[in-house]
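# Summary of structural features
Given next are the chains, with one letter for each unit.
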Amino acid sequence: MIMLTYKPLLTSLSLIAALGATAHAQTAPIPASEPSAPPPATEVATGPLWQWSTSAGYNHYREPSINMQLRGPELGLHLRVNQLPHMPRWQAEGEVLGSLQRYDSPSGQLNNVENVETRWRLLYQIWPQADQGLFVGPAVHSLYNDLRGITNLGSAGYQRESLGLWLALQWRQPLSADGALSSLSNLELDAGGLLRARHNSYLSQANRNYPDIGNTQRKGLYVQAKLGFKAENMLLQPFVRYTHVEDSEVTTVALKGNTLTGTLTGVEPASGRWQLGLQVSWPAR
């Protein structure tokens, strides 16, 4: 048996009120939640990228007009720094090459001649194409020879040094190949023109009656080519380089000894230098 409870007015009003409250709750707009703020961007620490290299090769320097030459193996230390903070299109390069050379000329032969060459470049990337394209900038080169000693024919030698300012160009091009050359990575071409150099010869070390003499050089060029091959985390780059400097300006100085009088005229003769070898860089990039 079902029992019914009759509450006509109260029940109807309560039902209507409940239905209205339910309808209002269903149709009332739901306020949109505020979008959450994106997390702060994490700054990636950036800094200069360093690439060290060592090299082993052969150096052959000649002054054809006087039949003089220096030749022998040489070792090098190289550094390239790029992606500089606030200067992403600049790169700095430094190289130091040292060797003990053999001296040959009509005045005789001399072994273990110290020969040190340095090169410093600050290059600007003309087109922003990652780590490739054309770079240009100033370069400073120095050269030092220690010819002190006595040759096998009894001639005495002296120290020589040179410091020059060059305009340098560099082109870097990625390469790829298949088969045996699948590790081929890139081609790097360098060239430069001499702006001005000062060459000093310390003649007084060979003869106290002679003065030391300095000559200005204004014409010269160099070209260099490197091929890059990646091996593990290293970059192997066989290279060849040629440098030519023209005759210097003529310099006249007075003799300073008691036994000699007059003046001495000197010119640094035109020279050519071939260098070839293998450069090993890390990391490989």
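Worth saying up front: this structure is predicted, and the values here are computed from it rather than measured. The written sequence of each chain sets the order in which its residues are numbered from 1. The model is predicted, so local features are restricted to residues of pLDDT at least 70 and side-chain atom pairs to those at 80 or more, both for listing and for counting; the totals for chains, interfaces and linings are taken over all residues. The side-chain numbers reported here are obtained from all heavy atoms of the structure, hydrogens and water having been left aside.

### Describing the overall build of the protein
For clarity, the cut-off: The secondary structure listing takes helices from DSSP runs of H or I that are at least 4 residues long and strands from runs of E that are at least 2 residues long, numbered from the N terminus. Note on definitions: a residue-residue contact is assigned when non-hydrogen atoms from the two residues lie within 4.5 Å. Here the open area of atoms and residues is found with the Shrake-Rupley method and a 1.4 Å probe, where only the protein chains shown may cover a residue.
Secondary structure summary: the protein contains one helix and 13 strands in total. If you take every contact in the protein between residues at least 6 apart in sequence, the share linking residues at least 24 apart comes to 63%. Accessible surface for the protein amounts to roughly 17,200 Å². Of this, 63% is attributable to carbon and sulfur atoms.

### Re the nonpolar core
Note the threshold: We call a set of buried residues a nonpolar core when its members are Ala, Val, Leu, Ile, Met, Phe, Trp, Tyr or Cys and they connect through side-chain atoms within 4.5 Å of each other. Throughout this description, buried means an accessible area under 20% of the type-specific maximum (1.4 Å probe, protein chains only), exposed means over 50%, and partly exposed covers the range between.
Core analysis: the largest hydrophobic core is formed by nine residues, namely Leu123, Phe135, Ala139, Trp166, Ala168, Leu194, Ala197, Tyr222 and Val245. Taken together, the elements giving at least two residues each to this core come down to β5 (133-146), β6 (159-174) and β7 (184-201). Beyond its immediate chain neighbours, meaning those up to four positions away, Ala168 contacts Arg121, Leu123, Phe135, Val136, Gly137, Ala139, Ala191, Gly192 and Tyr222. The next biggest cluster of nonpolar side chains, apart from the first, holds seven residues, and it includes Tyr61, Met68, Val113 and Leu147.

### Looking at the pairing of strand β3 (residues 87-105)
Worth spelling out the cut-off: Here a strand pair is declared whenever DSSP counts at least two bridges between the two strands.
Pairing geometry for strand β2 (residues 68-84) and β3, over 13 bridges, is antiparallel. Within β3, the residue paired with Leu70 across the bridge is Tyr103. Bridge analysis of β3 against strand β4 (residues 108-125) gives 15 bridges, and the strand direction is antiparallel. Opposite Gly94, over in β4, you have Trp120 as the bridge partner. Counting the residues that bridge the hairpin from β3 to β4 gives two residues.

### What to know about unusual backbone geometry
For Asn67, which is not glycine, the phi dihedral falls at a positive 55 degrees. Along the chain, Asn67 turns up in the loop between β1 (49-63) and β2. One non-glycine residue, Glu232, adopts positive backbone phi at about 55 degrees. Within the element layout of this structure, Glu232 appears in the loop between β9 (220-231) and β10 (234-245). The exposure class of Glu232 is exposed, given its relative accessible area of 82%.

### Observations concerning the pattern of salt bridges
Operational definition: Take a side-chain nitrogen of Lys or Arg and a carboxyl oxygen of Asp or Glu: if they are within 4 Å of each other, that pair is a salt bridge.
Using the criterion set out here, one finds 13 salt bridges in the structure. Notably, a salt bridge pairs Arg119 with Glu95, separated by 3.4 Å at the nearest N-O pair. Separated by 24 residues along the polypeptide, Arg119 in strand β4 and Glu95 in strand β3 bring together distant segments of the chain. Take Arg119 and Glu95: they sit in the same class, and that class is buried. With its nearest N and O atoms 3.1 Å apart, the salt bridge here joins Arg102 to Asp104. In this structure Arg102 comes out as partly exposed when scored by relative accessible area, which is 33%. Residue classification places Asp104 among the buried positions, given a relative accessible area of 9%. When salt bridges with common partners are traced through the structure, they connect Arg80, Glu93, Glu95, Glu117, Arg119, Arg121, Glu188 and Lys226 into a single cluster.

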